[in-house]
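Structural features, examined
Chain by chain, the residues run as shown.
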Amino acid sequence: MKKHHRALFIYVSWFAAMLLTACSEQSKKQYSSSVVAEKNAIIIHKLVAQASDSSVHWLTPNLLVMPKSNKQVLYQLFNTAKADVAGLDLLAVNLPDYLANKFPHLADFKAYKVALLPSQVKAWLKQPLVIIGLDQSKQTQDVHFVQTGAVLDALYTQGENDANEENNLGATITENGVSFKLWAPTAQKVKLLLFNDDLSSSSTASLTMVEDTKSGIWSVVGDSSLNGAYYQYQVRVYHPQSKKIETLITTDPYSLSLSVNSQYSQVVDLNDATTQPLNWQSQTVPRVENVEDNIFYETHIRDFSADDNALSNNKFRGKYKAFSEQSSSGITHLKALKRAGLNNIHLLPTYDLATINEDDRQSVDINDTVAQVKAKVCDMAPTSHICTTDFSDLTHLSDFSAEQSLKSLLANVDVSSAQAQKIVSELRQFDNFNWGYDPFHYTVPEGSYALSPKGKNRLVEFREMVQSIHRLGFRVIMDVVYNHTYQFGLKEKSVLDKIVPNYYHRLNIITGEVEQSTCYTCGNTATERVMMAKLMSDSLVTWARDYKIDGFRFDLMGHQTKSAMLAAREAVRAVDADTYFYGEGWNFGEVANNSRFIQASQLELGGSEIGTYSDRLRDAVRGGGNNTRDSQGLGNGLLMQPNERQGQSLSSQKNNFQAYHLRMDQLRIGLTGNLSSFPLYLVKGKPILGEDIPYGDQPTGYALDPADTINYVSKHDNQTLWDNSQYRLPFDVSTADRVRMHLQSLSFVLYSQGIPFLHMGSEFMRSKSFLRDSYDYGDWFNRVDFSKRKNYYDVGLPPSDKDQENWPLINEVRKGHQGRDHVSAQDIEFSAEIFKEMIALRMSSPLFRLTTADDIITKVSFLNLSQHSVANQPLGLLVMKIDDTLGQSVDENVKSLLVMFNTSTKAQTFAYPQANDYQLHPIQKNSADNAIKHSKVDVKGFTVPPLSSAVFVKY
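Attention here is on the structure that accompanies the text.

**Observations regarding the state of the cysteines**
For the coordinates displayed, the defined rule picks out 2 disulfides. Between the sulfur atoms of Cys378 and its disulfide mate Cys387 the distance is 2.1 Å. As the torsion about the S-S bond is roughly 120°, the Cys378-Cys387 disulfide counts as right-handed. Residue Cys378 is classed as partly exposed on the basis of its relative accessible area, which comes to 23%. Accessibility expressed as a relative area gives 15% for Cys387, which makes it buried.

**Some words on the packing of aromatic side chains**
All told, the structure shown has 41 aromatic pairs when counted by the stated rule. Consider the rings of Phe552 and Phe581, whose centres lie 5.8 Å apart with planes at 85°: the pair is edge-to-face. On the criterion of sequence distance, the pair formed by Phe552 in strand E25 (residues 551-554) and Phe581 in strand E26 (residues 580-583) is long-range, its members being 29 residues apart. Phe552 sits in the buried class, given a relative accessible area of 0%. Relative to Phe901, the ring of Phe748 lies with its centre 4.9 Å away and its plane at 35°, an arrangement referred to as tilted. Of this pair, Phe748 sits in helix H20 (residues 735-750) while Phe901 sits in strand E36 (residues 896-902), and the two are 153 residues apart along the sequence. Each member of the pair, Phe748 together with Phe901, is buried. The structure contains a cluster of three or more aromatic residues connected by ring pairs, namely Phe296, Tyr580, Tyr582, Tyr613, Tyr712 and Phe757. The ring of Phe488 is capped by Lys491, whose NZ or CZ atom sits 5.4 Å from the centre of that ring. For the cation-ring pair, Arg629 lies above Phe731, with the distance from its terminal atom to the ring centre recorded as 4.1 Å.

**As for the sheet that holds strand E35 (residues 877-883)**
The strand order E34-E35-E36-E41-E38 describes an open sheet built from 5 strands, whose pairing is antiparallel. Only two strands of the sheet have a single neighbouring strand rather than two, namely strand E34 (860-862) and strand E38 (919-920).

The rules behind each value
- Per-chain numbering applies: the sequence of each chain, read as written, is numbered from 1 onward.
- Side-chain atom pairs in this predicted model are given and counted only at pLDDT of 80 or more, local residue features only at pLDDT of at least 70, and totals for whole chains, interfaces and linings cover all residues.
- Only hydrogens and water are set aside; all other atoms, that is, all heavy atoms of the structure, feed into the side-chain values.
- Any two cysteine sulfur atoms lying within 2.5 Å of each other are counted as a disulfide.
- Type-normalised accessible area, obtained with a 1.4 Å probe on protein chains alone, sets the label of each residue: buried when under 20%, exposed when over 50%, and partly exposed for intermediate values.
- Ring pairs are drawn from Phe, Tyr and Trp, using the six-membered ring of Trp, whenever the two centres fall within 6.5 Å, and their geometry is named by plane angle: stacked under 30 degrees, edge-to-face over 60, tilted for the rest.
- Helical segments are the DSSP runs of H or I of at least four residues, strand segments are the runs of E of at least two, and each set is numbered from the N terminus.
- The criterion for a charge sitting over a ring is simple: Lys NZ or Arg CZ within 6 Å of the ring centre, and within 35 degrees of the ring normal.
- Strand pairing is assigned whenever DSSP detects at least two bridges linking the two strands.

Printed below as a string of structure tokens:
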């Protein structure tokens, strides 16, 4: 220990001992009480500065825990605001089993009894707290801050009529005026700040709010003139980040309307006609008979229309309004998909986002002129590189015009260079593009997608979009992100953490830092906390009830508790009985393997009918990993068309053979809805089930019901399906065969049990020019051409931030493919037609959409699967039969379906005695694919052309 640190340590320890003596022997005080308080305040301040971590967890009013230690010390809890009072001695006790089970990550900690009444605990929690360990000589051995989230739940949410029973948090219009309620149990003072429509201070600038000490809710009632008013909360609270009492101004976490760029909340009644488009209440909402009938089409609001040249008004580009068009390219295509049988539009996040400037005058658009771009950037950030650098330096173009558009400029740069990505990367913080996984306010529509983002206007425009999608015949799914917030602590766009610091976010159990495993710049929320789970549930109910959202896709759902997800679904079902929940059930981070609670993860949600994305079928088809040529999947040539990196040695061939058969088994289980109990084949008389097929260190099959599984091969994350395949395909594959392989990859999704998930534009062989993570990289890399002329492949090297290390491989494959990786408008049109045919085929029979595990196990079988030796299995062929004569019939028109997936480059025949009872499905008899029409049925069996997925039907 350094000398000056040791001196401070001794000094603080001595004063701590003096503090104890002073408090236990009041009659012997040598100083007046005011002097003692002043000196003790200095002592406490220094103790706070000396705290090493936040490893103490206060769990119930009478019990806290901390890591076990071999030190022989007396631990005391200090309320640092009460510097004239001695610390509270803590008595070591056993941790009750129910708390060890409730907090498994703290089960090995040591428990201590806290001798305080609940009312005293509530008062102490409004102040900074530390734990001090004193040895027998009264020397301070260690100092720790205290994590208080659990005890706040114990005090304010575990009784009757307390915080989590309150149904009117936020601003509510009542007969008596406007009620404002904010849960802020650690706040010392809360004021309501009021503003006019122009955001100037109201004549009544503020109202003092009063706390209900039972619930921790602060409230005030204003008169009816506050209907439509803008407001903020001013909260006086101790904040662990600054280690000071702060006076903070923030918006309402229960906001229902906002100012432009979300600095002010607005009082609204969502039932008021001024917040609704015409005929909002009387609209018809499409329904599906069974959950398994859903097909999800993942759509980004801006991508849908940003590149559409057939809009009636160019101002609608990238806006909600584009969904109300009648004959734009995008709407025309959606109508065609609806006729084929598509029934759900899944919208990427469209709640209030933190990273897009909602004022179009202050955000860069790809259609802006170069002069406009520079003017906007220089106005917002005069010292930025893009403002101080001439575009000729960025593009190496000397003949560009300041009046040409940014899109035109990008189109003229060398696509083999890093120029396009450099421009896009320079502008990304100023442009109007983001996926939206950056929540600011959970229950208000995003303003940047509105023509008029101020206040109620955005609510009307969002609802008009929903109404228009419903009129097209689609249900509307909303992508939600309750697992993190964009900012936390004292940052500008932090909301929750300014109101109840260190409660709404999940903290590291030792350091107390906010965990960030779900987003490297964001803060993980803690839905294990009752009021965070309540906020999620209340928000979802609002979207379902007041915005008629038909289902929800949850980002990184595995970071949330299973119990919170089930409870939220029940709350939503109370207002929308046929809602459907699904999301990312990945198992990682600080909550992995149920280390803190039972997660809403793949392995835990089996049987719940909350769907999770299956990476099993995805990887079987696409190949494992990303940005690689070292592995292939069944959809891009594994074993059938090996690329040059697969090796020619016997060991390499053996490895490829083993990989192929494992991938085929994983695919088969994927085709059965990823069921854990599906009996795939027998080994020595023992059935090998879906759960017995390995996927790394986990089982391939984990679902107990087909509604548990979302099957996909492409979505917004990682490379598009087309780009992933170009990484892996052999160089000599023809363009036509690349298109066929792309479509076959999609066929595995559309002909599988479970629920299909389709990435918008995958039918056009959509490309992002190899970009791995396009979340914030603008229209140039995220475009979709609904006129079907281009797929935007190879429009420049992807941004260096995520992909520079991949540039050498990208250049290698671009060169190797020799143009065969480029598709024509005719290729795109063909792909789009076959895509529609596959959707229609799926929807032609409920046999593709079985609703129970028993039906799947009874009716689905794989006919060319040897029960004895994988060596006897024909390579490149998978034959699946769905037999409706077994078990209870589900299709009165069809007795059996037989699907043949031929992944080889040659026509294949499967011998089957009853083949003559079948015929090629009528949709494929009339297909736009001339090759599939050559599929044959005769006495020998079924014959299918290369790289084709053929469906045969028995009536």
